[in-house]
Amino acid sequence: MDKLLFGAAYYDEYMPYDRLEQDVEMMKKAGINVVRIAESTWSTCEPQPGVFDFSHVIRVMDAMEKAGINVIIGTPTYAVPTWMAKAHPEIMAVTKDGQEKYGHRQLMDITSPMYRFYAERVIRELMRVCAHRKCVIGYQLDNETKHYGTAGKNVQQQFVKYLREKFHDDLDAMNHAFGLDYWSNRLNAWEDYVDVTGACNGSLLAEFEKFQRTLVEEFLQWQADIVNEYRREDQFITHNFDMEWRGWSVGIQPDVDHHRAGNAVTIAGIDIYHPTQDVLTGKEIAVGGDICRSIKDGANYLVLETEAQGFPQWVPYQGQLRLQAYSHLSEGANSVMYWHWHSIHNSVETYWKGLLSHDFAENDTYREACVIGKEFAEKGDHLVNLKKKNEVAILASNVSLTALKYFPIEGLEGNPGVLYNDVFRWMADTLFDMNVECDVIWPETENLSAYKVIVVPALYAAPDETLERLNRFVENGGHIVVSFKSAFCDENVKVSTEVQPRILRESLGVRYHQFTFPRGIVGLTGKAVSGEGHQAKAFMELLEPEGAEALASYDHYNWKKYAAITRNAYGKGTAVYVGTMTDQKTLANVFRDVMKDAEVDLSEENAGVAVHKGVNDYGRMVRYYLNYSPEEKTVVYQYKDAVDVLSDEKIPTGSRIVVGPWNVRIIEEQ
């Protein structure tokens, strides 16, 4: 891109009165140069079957084109009109809980031929209206698309076809792979297949969810193929992928394989939401950015939705909106777009507030957006297209995520269990606090040699070749840190008959035969543990070193002979195994030694601020110093003579850099 995009979703259809001119005027004042429109209002664009009214879309395009504001058009397919649900109830998804009832969004069966018929028609009609418009720079496919649990008869039939292709029509192979002899679940004829939603076999259920994720890939590609018939070469295709949601964005999305689904787009996009005020940490922004950057193999991406005011408890403190915006750029984003411009006066998301509140008046959040927009316009050429080359990667696995839903990692008594994203975030957040930036890679990633260190959280289910590649990575001089619950099953979630951890035992130099949960207090002791009071928090693999060094052991009268964390030299590299969930300080101690072995720079580890870096379009290193705290922080700048991008202040080597509360400094080497 030649400039940063700064914008918001805009819904003329939702306005209680006509104020388009005032909104455009306020947008121009704020430096907004892009709006997203059209993706939410199918029933307005097509009030009755085959009757189209794109007047709102045309009206907004006209206004934005006149004002010099770009437009991203969203295909309006994620919320179906009432007439469709009434005339064709079969388009409503049938899930394990029964058929959906009309009302909320994303309730359709994305494989339904009838739904596809109407979706294709409205997409084509919309494209005819907007594809030629100068202001339209790109298209967003659907909205936060997932499979929505669709599992009706037609989906079940497709799943049978998928299984027959996967196992080459060999029923014995399928029964063996999934262990279906148990409880007489064995399938002896394809005609005997029964509804999978009642199954209790975790392997079969995990395979069905893997299949459901392929439906998302096919659906997005189907939409992209239609859009590609109309779009100009200078217009992009994107999608706003989202993350697992637990009241805010958390981690890897369970219902979409992002890396595979990203094949449908020309530039990846993401929606990232997070707590603010006293609990703003920047970690969700970093994790979301790492995930989205990986979708197109390290390319820059778009933040298509993030919060302005958000929920009432997320109204940002002074400086936080600006800090958040630059946090996205520091991860390689080329845009910051808010959901949404204005707060809505009716319906479910009434109190999910935009840049403007319900009175449409200027407020502190809007005024801070004006500062951001001005800085983006003036300094954006130094910040756009930031290229990041990280030395550390985290290996993410959708299959393991799904499997650990069916076989959760139990924790202390009363704890409902630890899930995959809890382990993923435990490791990712610890690295964030150490200022170790990461990429996200996937089990099918082959070029592991691009990294010095690979962190492997809870790789519960994986094919042999992935584990063998990790062994070779270490043998050739790489370094891995593997968590508990890794290398336990094959890709079909079938538990290995080998001594654990299977295959990785070769590089890790450790084995275990038993595992348990910590009951009461199970302490930790050893060189990786600093001070007292550290304990095993969840799961305990009773490790027996086979040449590996014990970095920590269980400080418990019954478990004291077993190691909890080990380190093994293998070939030219090292492999660390963390057999239990520890506190972050202990994990940081482990990471620190690994980074030292791998010669990963930790000179800014204790800077007191988050430090993110990359190379800009001028070929210069740019460092972001991000202060996620209400206290002023001071760090010593240790690199080449530089300039503060935002203030033009010269920053000689050895300078002390003061970063104000909830603030940022951006330093460009000269």
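The sections below set out a description of the structure shown in this document. Predicted model, so just to flag it, every value in this text is computed and none were measured.

### Concerning the environment of Arg19
Checked against the element boundaries, Arg19 lands in the loop between strand 1 (5-9) and helix 1 (20-30). A C-alpha to C-alpha distance of 54 Å links Arg19 and Tyr460, two positions 441 residues apart in sequence. Each residue touching Arg19, except ones within four places of it in the same chain, is listed here: Tyr10, Met26, Leu356 and Phe360. Of the polar contacts made by the side chain of Arg19, one reaches the side chain of Asp23; its length is 2.8 Å.

### Focus on the side chain of His88
Here His88 shows up in the loop between helix 4 (82-87) and strand 4 (94-95). For His88, a relative accessible area of 14% gives the class buried. Excluding anything up to four places from it in sequence, His88 contacts Met114 and Tyr118.

### Some thoughts on unusual backbone geometry
With omega at 10°, the peptide bond leading from Trp339 into His340 counts as cis. Secondary-structure assignment places His340 in the loop between strand 11 (333-338) and helix 12 (364-379). With an omega dihedral of -5°, the bond running from Gln500 to Pro501 counts as a cis peptide bond. Inspection of the secondary structure puts Pro501 in the loop between strand 15 (479-483) and helix 16 (505-508).

### Quick look at the packing of aromatic side chains
In this structure the tally under the stated criterion is 40 aromatic pairs. Their ring planes at 45° and their centres at 5.4 Å tell us that Phe159 and Phe211 sit as a pair that is tilted. In this pair, Phe159 sits in helix 6 (residues 153-166) while Phe211 sits in helix 8 (residues 202-228), placing the two residues 52 residues apart along the sequence. The same class applies to Phe159 and to Phe211, which are both buried. One aromatic cluster is present, built from ring pairs that chain together Phe407, Trp426, Tyr460, Phe484, Phe488, Tyr512, Phe515, Phe517 and Phe539. The residue whose ring lies beneath Arg116 is Trp222, and the NZ or CZ to ring-centre distance is 4.6 Å. Residue placement shows Lys485 over the ring face of Phe488; its charged tip is 5.7 Å from the ring centre.

### A look at the nonpolar core
Membership of the largest hydrophobic core comes to 213 residues, with the highest contact counts inside it found for Ile73 and Trp341. The leading source of residues in this core is helix 8, at twelve residues. Discounting residues that sit within four places of it in the chain, Trp341 has contacts with Ala8, Ala9, Tyr10, Met15, Asp23, Met26, Met27, Ile32, Gly354, Leu355, Leu356 and Tyr366.

### Things to note about the pattern of salt bridges
Applying the stated criterion across every chain, the model contains 51 salt bridges. A salt bridge links Arg133 to Asp62; its shortest N-O distance comes to 2.7 Å. With a gap of 71 residues between them, Arg133 in the loop between helix 5 (113-130) and strand 6 (136-140) and Asp62 in helix 3 (residues 55-67) connect regions that are remote in the sequence. According to the relative accessible area criterion, Arg133 is buried, its value standing at 12%. For the salt bridge of Arg505 with Glu546, the shortest nitrogen-to-oxygen distance reads 2.7 Å. Residue Arg505 is found in helix 16, and its partner Glu546 is found in the loop between strand 18 (538-545) and strand 19 (549-555); the two are separated by 41 residues along the sequence.

Reading the values: rules and limits
- Each chain has its residues counted from 1, following the order in which its sequence is written.
- Only residues with pLDDT of 70 or above have their local features reported here, since the model is predicted, and side-chain atom pairs are shown and tallied only from 80 upward, although totals for entire chains, interfaces and linings are computed over all residues.
- Note that the side-chain values use all heavy atoms of the structure and ignore hydrogens as well as water.
- For the purposes of this entry, the term helix denotes a DSSP run of H or I that reaches at least four residues, the term strand denotes a run of E that reaches at least two, and both are numbered from the N terminus.
- We call two residues in contact when some of their heavy atoms are within 4.5 Å.
- We call two N or O atoms a polar contact when they sit within 3.5 Å, provided that within protein one can donate a hydrogen and the other can accept it, with sequence-adjacent residues counted only if both atoms are side-chain atoms.
- Only protein chains enter the accessibility calculation, which uses a 1.4 Å probe; a residue whose area is less than 20% of its type maximum is buried, one above 50% is exposed, and one in between is partly exposed.
- Stacked, edge-to-face and tilted labels apply to pairs of Phe, Tyr and Trp rings (six-membered ring for Trp) whose centres lie within 6.5 Å, assigned for plane angles under 30 degrees, over 60, and everything in between, in that order.
- Whether a charge sits over a ring comes down to the Lys NZ or Arg CZ being within 6 Å of the ring centre and within 35 degrees of the ring normal.
- Nonpolar cores were defined as sets of buried Ala, Val, Leu, Ile, Met, Phe, Trp, Tyr and Cys residues, with membership established by side-chain atoms within 4.5 Å.
- Take a side-chain nitrogen of Lys or Arg and a carboxyl oxygen of Asp or Glu: if they are within 4 Å of each other, that pair is a salt bridge.

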